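Understanding the architecture of this molecule
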Amino acid sequence: MSGTVADALVRRLRTWNVPRVFGYAGDGIDPILAALHRAGGDPEFIPSRHEELAAFAACGHAKYTGNVGVCLATQGPGAIHLLNGLYDAKLDRRPVVALVGQVVSTALGTGYLQEVDLHSLFKDVCGRYLQTVSTPEQLPVLLDNAMRTAIAERVPTCLVLPHDVQRADAVEDPPHTHGVVPSSAVTARPRVLPRQDDLRRAADVLNAGHRVALLVGRGAAGAEHEITRLVETLGAGVTTSLLGKPVLPEGPPWHTGVMGHLGTTASAELMAGCDTLLIVGSNDPWTEFYPEPGRVRAAQIDVDARVVGSKHPVEAALVGDARESLRALLPLLRRNPDRSWERRVATATTRWRQVAEDRANTPATPLNPELVVRELSTHLPPDVRVAVDVGSSTYWYARHLALPPGAPAHTSGYLATMGCALPYGLAAKLDAPDRPVVALAGDGAMQMNGLLELITLADRWRTWSNPRFVVLVLHNQDLNEVTWEQREMEGDPRFPASQRVPAFPYAAHAELLGLRGIRVDSPDQLDKAWREAFAADRPVVVEAVVDPAVPLLPPNLPEEKAQAVLRGLEQEPDSDAERANVRRQS
């Protein structure tokens, strides 16, 4: 039963109810791979095409399930490749444990093949818990501490396992003696509630407001009913952060959509017109889109005391779980009899929805990407899981994709790194093979990482009870977000050598892999394409050939920004369509 330290590691992962480990093979972790083999698929080893994708998938697992994601990589280059996915977990506060091989202990410090100072490498990204297992007796307590820290602090942690330690005999029952620390594979989550005095202070701020706005983030997940009751009591309007978009259905007239650079005109009007702000579970970084400091009174609810007041001044701080805090706050609030602000918010929301529809239906060559994503909304299954890459696809998701109630959707939030959608989507599908998945990506992200994980998708889909996995590729041969940022932020023209994405036959490539490929280059093909994609008997890549001239600009573009964009476009040949689109949105 004891076996090696690698066997003990696998058993301990099983005790922690880890269902799968994402990784890539290498000789530095051969003993762990052999132990996983002996374990017979419990936990299951999921090979990615690259260690970065394994770390992304582990982060995606944490995002969709709320549980710890685990990734595994060999020493040296394998360990280095994990960094991007681990930083994604760190900045988005998700629990991930990285298990990393190392050269044999006797060779450390000699400049051995693939020897890298892993503590220096991981000291920032996994700084909350980073340890090397030096003896068999350490394995249980160090793994337990890595898991507990990841869960408690919502961060990535790392265990380094030298090759000789992996192969050493396991110590099943460490001696009860000085210097040997016992441990249990257990943890628990606290119930965090604000103090009554803080609740009264927040209620005083909100009751005094005439034009109340809520900014709702991902930390408010599960509090939809309480938010709705508060809105009805105060006659408030609601906007969400990008990461908070899945928290609330966007149908009610008081929901103005996503806030920020990739948000809506209605949300910009909500923030500009309110006199009171309640921030619930959000630490959104787009501070220029908040109300001007000093102009409004504000309160904030968050389970993490470190973020309260960190993006906007607040006078009432509630540190606690969003749902329980709102439940405790609601009895202290008075119904606002004046519904003029409620009507004003509804008018702004109606106006935005017409703007969004008009923009989506603006002719483009050959396809308007806004229309592609907007049409997708009407075909989404109610139990869908959505993965969104970083780039132009994020903008169109934020503004146009109407998620079914309760449907989870994730992107790389604070790191905002390209290449996350396919590994996220695979993690979501492996967790729930009976649920359909949709992944949205631009052609830049697909060429960076997505094409690699299509191979994994092609390799695994036959084992799923529901094979529906739809990948939308917005094919415009441009790093479109960078292009529009250069124009808006710098007043510079597009630099084709840096932003041109080579043409690639995404749909045909999918067919080559044994998947289904659908190429769309006309608006009248969209409805049929989406119906076929969701009725297919295998995963589908929908390649939508879209127009890069459709602007990626913030809502209510300020005049100086519009002029900067136009200055950049004036330096570009053949930019008539872009200039016309900018003037139309300004």
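Please read these numbers as outputs of a predicted model, since none were measured by experiment. (Residues numbered from 1 in each chain as written. Predicted model: local features only at pLDDT ≥ 70, side-chain atom pairs only at ≥ 80, totals over all residues. Heavy atoms only, no water.)

Quick look at the pattern of salt bridges
Any two side chains of opposite charge can pair, given that their charged atoms come close. One pass over the structure, following the stated rule, counts 33 salt bridges. Between Arg306 and Asp304 there is a salt bridge, and its shortest N-O distance comes to 3.4 Å. For Arg306, a relative accessible area of 63% translates into the label exposed. A salt bridge links Arg531 to Asp527, with the shortest nitrogen-to-oxygen separation between them at 2.9 Å. A residue pair is termed a helical-turn pair when its members lie 3 or 4 positions apart in one helix, as Arg531 and Asp527 do in helix H21 (residues 526-535) at 4 residues. On the accessibility criterion, Arg531 (47% relative accessible area) is partly exposed. You can call Asp527 partly exposed: its relative accessible area is 35%. One continuous salt-bridge network, built from bridges that share partners, spans Arg93, Arg154, Asp304 and Arg306. (Salt bridge = Lys/Arg side-chain N within 4 Å of Asp/Glu carboxyl O. Buried < 20%, exposed > 50% of the residue type's maximum accessible area, 1.4 Å probe, protein only. Helix = DSSP H or I, 4+ residues; strand = E, 2+ residues; numbered from the N terminus.)

A few points about the UniProt feature "domain: Thiamine pyrophosphate enzyme TPP-binding" (unreviewed entry) in the chain
Mapped onto this structure's residue numbering, the UniProt feature "domain: Thiamine pyrophosphate enzyme TPP-binding" (unreviewed entry) falls at residues 389-543. Helix makes up 45% of residues 389-543 and strand 15%, whereas the separation of the span's terminal C-alpha atoms amounts to 15 Å. (UniProt positions renumbered as here; feature names shortened; annotations may be inferred.)

Here's the deal with unusual backbone geometry
For the peptide bond that leads from Asp42 to Pro43, omega is 5°, which places it in the cis range. Mapped onto the elements, Pro43 comes out in the loop between helix H2 (30-38) and strand S2 (44-47). The linkage connecting Thr365 with the following residue, Pro366, adopts the cis geometry, with an omega of -5°. Within the secondary structure, Pro366 is located in the loop between helix H13 (340-360) and helix H14 (369-377). The backbone phi angle of Asn17 is positive, close to 60°, even though this residue is not glycine. Classification of Asn17 as exposed rests on a relative accessible area of 66%. Here Arg154, not a glycine, exhibits a phi torsion of approximately 55°, which is positive.

Thoughts on the nonpolar core
Core analysis: the biggest nonpolar cluster contains 56 residues, and Leu86, Phe122, Met446, Leu454, Phe469 and Val471 have the highest contact counts within it. Counting residues per element, this core draws most heavily on helix H3 (residues 51-65), at 9 residues. Looking at which domains feed residues into this core, each of domain 1 (5-167) and domain 3 (362-585) gives three or more. In terms of nonpolar packing, the next biggest core, distinct from the first, is built from 48 residues, Ala398, Ala407, Phe534 and Val565 among them. (Core = buried A, V, L, I, M, F, W, Y, C linked by side-chain atoms within 4.5 Å. Domains from an automatic or database assignment.)

Considering the sheet that holds strand S8 (residues 237-240)
Strand order in the open sheet made by the 6 strands is S9-S8-S7-S10-S11-S12, with parallel pairing throughout. The open sheet has two edge strands with one neighbour each: strand S9 (255-258) and strand S12 (316-319). Strand-to-strand twist of the sheet, defined as the mean angle between neighbouring strand axes without regard to direction, takes the value 15°. Relative to strand S10 (residues 276-280), strand S7 (residues 212-216) runs parallel, the two being bridged by 5 bridges. Among the inter-strand pairings, Val212 is bridged to a residue of S10, identified as Thr276. Those strands touched by helix H12 (residues 322-329) are S10, strand S11 (297-302) and S12, and its axis lies near 130° from that of S11. (Pairing = 2+ DSSP bridges. Axes fitted to C-alpha atoms, helices over the stretch in contact; angles between N-to-C directions. Contact = heavy atoms within 4.5 Å.)

Considering the pairing of S7
Across a regular strand the side chains alternate sides, sitting on one face of the sheet and then on the other. Counting buried residues in S7 gives 5 out of 5 residues, a clear majority hidden from the surface. Here S7 shows no split at all, with Val212, Leu214 and Val216 on one side and Ala213 and Leu215 on the other all buried. By the bridge criterion, 4 bridges tie S7 to S8 in an arrangement that is parallel. Bridging from a neighbouring strand, Leu214 pairs with Val238 of S8. Taking the sense of rotation as the criterion, the β-α-β connection linking S7, helix H10 (residues 224-234) and S8 turns out right-handed. (Right-handed = clockwise from strand over helix to strand, strands pointing away.)

A closer look at the domain arrangement of the chain
Under the domain assignment, the chain is made up of domain 1 (5-167), domain 2 (196-348) and domain 3 (362-585). Just the C-alpha atoms count here: the centres of domain 1 and domain 2 sit 39 Å apart. On the side of domain 2, 5 residues touch domain 1, which itself brings 4 residues to the contact. Carbon and sulfur atoms supply 27% of the area that domain 1 and domain 2 bury against each other, a total of about 340 Å² over both sides. Taken as a group, Asp92, Arg93 and Arg154 account for 82% of the area that domain 1 buries against domain 2, more than any other trio of residues on that side. The interface formed by domain 1 and domain 2 holds 2 salt bridges in total. (Buried area = accessible area lost by both parts, 1.4 Å probe.)

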